[in-house]
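The chain contents come next:
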Amino acid sequence: MTHVIKRQIERTGMTQQRIAQLALTTKSNVSMIMHGQRSISSDTYKALATNSNDGVFVTDILNEFSEGFSTPTHSDRVYYDHPGLIKDQLIVEMYEAIESLKNCNFTKRPEFMSRDEKENVLETMSECKDVLFQGQMFLNKTCEHIQQNPRDVAKAHEQKLKMERRI
């Protein structure tokens, strides 16, 4: 926890007193933890993760508490709704939808499907909705990131489709 607290102080300028308030402990306890004189309890981890509203700090706390079994913060310079991170999540959702589509059988009429087959179709639909959601989120955040009006992007897409239809 030493490096997470130090990193938070360096990154945000937060004081040991403020971290102690978040951790529901004393400033001297935080100082001892930072200097390796005391280990941190699971209650202190929980308090820090619960009381902080800083996503980077919470993610780092959880990563350290889980001893590396949770996803670490990508970078202090990259925010969570950055188009690059959303793009990566969109790709993951697309692969999941593709696998679900491969495993789904749409050849039967609904009245002849078993319960499992219907559930499989619903799961596939859900995966496809996830792709649509992440895709729209990617479009919105990318437009915001590059300061482009989403309507202009939609108009350009419509023009492209018209041109392709002519060919």
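Quick caveat: nothing in here was measured; it's all calculated off a predicted structure.

Draft legend 1. View of the overall build of the protein chain. When you go through the protein chain residue by residue, the secondary structure sums to eight helices and zero strands. In the protein chain, the succession of helices and strands from N to C terminus is α-α-α-α-α-α-α-α. Within the protein chain, buried positions represent 28% of all 167 residues. Of the contacts formed within the protein chain by residues at least 6 apart in sequence, a portion of 52% connects residues at least 24 apart. For the protein chain, the exposed area adds up to about 11900 Å²; of that, 54% sits on carbon and sulfur atoms.

Draft legend 2. Up close: the side chain of Glu93. By the element assignment, Glu93 lies in helix α6 (residues 83-103). Lacking a salt bridge, the buried Glu93 has Lys129 as its closest oppositely charged neighbour, with an N-O distance of 13 Å. In this view, Glu93 contacts Glu127, Asp130, Val131 and Gln134; residues no more than four positions away in its chain are not counted.

Draft legend 3. View of helix α4 (residues 42-51). Among all positions of α4, only Thr44, Tyr45, Ala47 and Leu48 are buried. Projection of α4 onto a plane perpendicular to its axis shows the buried side chains occupying an angular sector of 165°, all on one side. The exposed set on the far side of α4, more than 90 degrees from its buried face, consists of Asp43, Lys46 and Thr50.

Draft legend 4. Focus on the confidence of the model for the protein chain. Across the protein chain, the average pLDDT comes to 83, with 90% of residues at 70 or higher. Confidence, read as mean pLDDT per element, is least for helix α5 (residues 55-65) in the protein chain (79) and greatest for helix α2 (residues 16-23) (91).

Draft legend 5. Expanded view of the packing of α6 against helix α7 (residues 115-145). Contact geometry of α6 with α7 gives a least axis separation of 8 Å together with a crossing angle of 160°. Taken as axis vectors, α6 and α7 run roughly antiparallel relative to one another. You can see that α6 and α7 cross each other, and the crossing is left-handed. The residue inventory of the contact of α6 with α7, partitioned by class, reads ten nonpolar, nine polar and seven charged.

Draft legend 6. Focus on the nonpolar core. Judged by nonpolar contacts, the single largest core of 15 residues is most densely connected at Ile5, Ile19, Val30, Leu48, Phe57 and Ile61. Elements that contribute at least two residues to this core include exactly α1 (2-12), α2, α3 (27-34), α4 and α5. It is α2 that contributes the most residues to this core, four residues altogether.

Draft legend 7. Structural view of the environment of Ile61. Examined against the element boundaries, Ile61 turns out to sit in helix α5. Residues Ile61 and Lys46, 15 residues apart in the sequence, show an inter-C-alpha distance of 8.8 Å.

Draft legend 8. Representation of the packing of α4 against α5. Between α4 and α5, the shortest axis-to-axis distance is 9 Å and the interhelical angle comes to 160°. By the angle between their directions, the pair α4 and α5 is classed as roughly antiparallel. In the packing of α4 onto α5, the handedness of the crossing is left-handed. For the pair α4 and α5, the contacting residues are Ser42, Tyr45, Leu48 and Ala49 in the first and Phe57, Val58, Ile61, Leu62, Glu64 and Phe65 in the second.

So, how was this worked out
Residues numbered from 1 in each chain as written. Predicted model: local features only at pLDDT ≥ 70, side-chain atom pairs only at ≥ 80, totals over all residues. Heavy atoms only, no water. Helix = DSSP H or I, 4+ residues; strand = E, 2+ residues; numbered from the N terminus. Buried < 20%, exposed > 50% of the residue type's maximum accessible area, 1.4 Å probe, protein only. Contact = heavy atoms within 4.5 Å. Areas by Shrake-Rupley, 256 points an atom, 1.4 Å probe, with all protein chains shown as cover. Lys, Arg positive; Asp, Glu negative; His and termini not counted. Salt bridge = Lys/Arg side-chain N within 4 Å of Asp/Glu carboxyl O. Arc of directions from axis to C-beta. pLDDT = per-residue confidence, 0-100. Axes fitted to C-alpha atoms, helices over the stretch in contact; angles between N-to-C directions. Parallel < 35°, antiparallel > 145°, perpendicular 65-115°, else oblique. Left-handed = near helix turned anticlockwise from the far one by under 90°. Nonpolar A, V, L, I, M, F, W, Y, C, P; charged D, E, K, R; others polar. Core = buried A, V, L, I, M, F, W, Y, C linked by side-chain atoms within 4.5 Å.

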